[in-house]
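# Overview (structure and organization)
The chain contents come next:
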Amino acid sequence: LRKDLILRAFPSLIRYITHFVFFRRFVSYSRVAVMKTLVSLITFILLQFFAFQLHAADYTQSGVAVMYHRFGEDDYPTTNIRMEQLQAHIQELKSGKYNVMRLEDMIKNLQAGKALPDRSVAITIDDAFSSVYEKGWPAFREAGLPVTLFVSSGPIDEGQADYVSWAELKQMVD
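Values in this document were obtained by computation on a predicted structure and should not be read as measured data.

Glancing now at the overall build of the protein. In terms of regular secondary structure, the protein is built from seven helices and six strands. Order of helices (α) and strands (β) in the protein, N terminus to C terminus: α-α-β-β-β-α-β-α-β-α-β-α-α. Long-range contacts, defined here as pairs at least 24 residues apart, represent 56% of the contacts in the protein between residues at least 6 apart. For the protein, the accessible surface area stands at approximately 11,800 Å², while carbon and sulfur atoms represent 59% of it.

Moving on: unusual backbone geometry. Positive phi values are uncommon outside glycine, yet Arg-119 reaches one of about 55°. Looking at the secondary structure, you find Arg-119 in the loop between α4 (103–111) and β5 (120–127). Located in the positive-phi region is Asp-127, a residue other than glycine, with phi close to 80°. Within the secondary structure layout, Asp-127 lies in strand β5.

Here the focus is the packing of aromatic side chains. Per the counting criterion, the structure on display carries five aromatic pairs. Centroid distance Phe-129 to Tyr-163: 4.9 Å. Interplanar angle 35°. Geometry classified as tilted. Of this pair, Phe-129 sits in the loop between β5 and α5 (130–143) while Tyr-163 sits in the loop between α6 (153–157) and α7 (166–173), placing them 34 residues apart in sequence. When sorted by exposure, Phe-129 lands in the same class as Tyr-163, which is buried. With a centroid separation of 6.0 Å and an interplanar angle of 10°, the aromatic rings of Tyr-133 and Trp-137 are classed as stacked. Taken together, the residues span about one helical turn, with Tyr-133 and Trp-137 both in helix α5 at a distance of four residues. On the basis of relative accessible area, Tyr-133 is assigned to the partly exposed category, the value being 21%.

What follows concerns the layout of surface pockets. Left-over empty space is what a probe sized like a water molecule reveals as it rolls over the atoms. Of the volumes computed, that of the largest pocket is approximately 270 Å³. As for the largest pocket, its lining consists of 13 residues, and the residues nearest its centre are Trp-137, Val-147, Leu-149, Met-172 and Val-173. Those elements giving two or more residues to the lining of the largest pocket turn out to be α5, β6 (147–151) and α7. Considered class by class, the residues forming the lining of the largest pocket number eleven nonpolar, one polar and one charged.

This part covers the pattern of salt bridges. Counted under the stated rule, the structure contains seven salt bridges. Among the ionic pairs, Glu-73 bridges to Arg-70, the shortest N-O distance being 2.8 Å. Notably, a salt bridge pairs Arg-102 with Asp-105, separated by 3.3 Å at the nearest N-O pair. Relative accessible area serves as the criterion here: at 30%, Asp-105 is assigned to the partly exposed category. When salt bridges with common partners are traced through the structure, they connect Arg-102, Glu-104, Asp-105 and Lys-108 into a single cluster.

Criteria and cut-off values
Residues numbered from 1 in each chain as written. Predicted model: local features only at pLDDT ≥ 70, side-chain atom pairs only at ≥ 80, totals over all residues. Heavy atoms only, no water. Helix = DSSP H or I, 4+ residues; strand = E, 2+ residues; numbered from the N terminus. Contact = heavy atoms within 4.5 Å. Areas by Shrake-Rupley, 256 points an atom, 1.4 Å probe, with all protein chains shown as cover. Phe/Tyr/Trp six-rings, centres within 6.5 Å; stacked < 30°, edge-to-face > 60°. Buried < 20%, exposed > 50% of the residue type's maximum accessible area, 1.4 Å probe, protein only. 1 Å grid on protein atoms, 1.4 Å probe; cavity = no way out; pocket = protein on both sides within 12 Å on 5 of 7 lines; lining within 4 Å. Points joined across faces, edges and corners; volume = space filled by probe spheres on them. Nonpolar A, V, L, I, M, F, W, Y, C, P; charged D, E, K, R; others polar. Salt bridge = Lys/Arg side-chain N within 4 Å of Asp/Glu carboxyl O.

This is the structure in structure tokens:
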């Protein structure tokens, strides 16, 4: 985006500056042309300033959340992860390259302005489908990785078969 804006503003800026410096014909341009030139110049300078600020950002104030929905359910390929894939993810997360932490801890540290360790990752699961209790949660628990589960309480209250029960949720917390 920055490059695109600079490339659009740059030719007219160079043209007007060239005319002003070398040909002293700047006064022959209309007021609108002069204002456009000034706006282009100011935009160019501001883009350079903000680009520098973004480049100098403190990346210790960021983390990554990896989100899952369903585990080992071939009927839902867009929201499902195969168990072989999950095992590969878990192996990578436990490789020592990442600092896997609870989402709550990540948020508290960020809100307090504390630096997060490099490569901080939080694992989240949405909706509390039954495969979470049957397949996903046991794999994460066995690996010792903390997980944050976001629960859709309506389907659980209704006792829908595709979702965990309140008793199963309680087991996952205990």
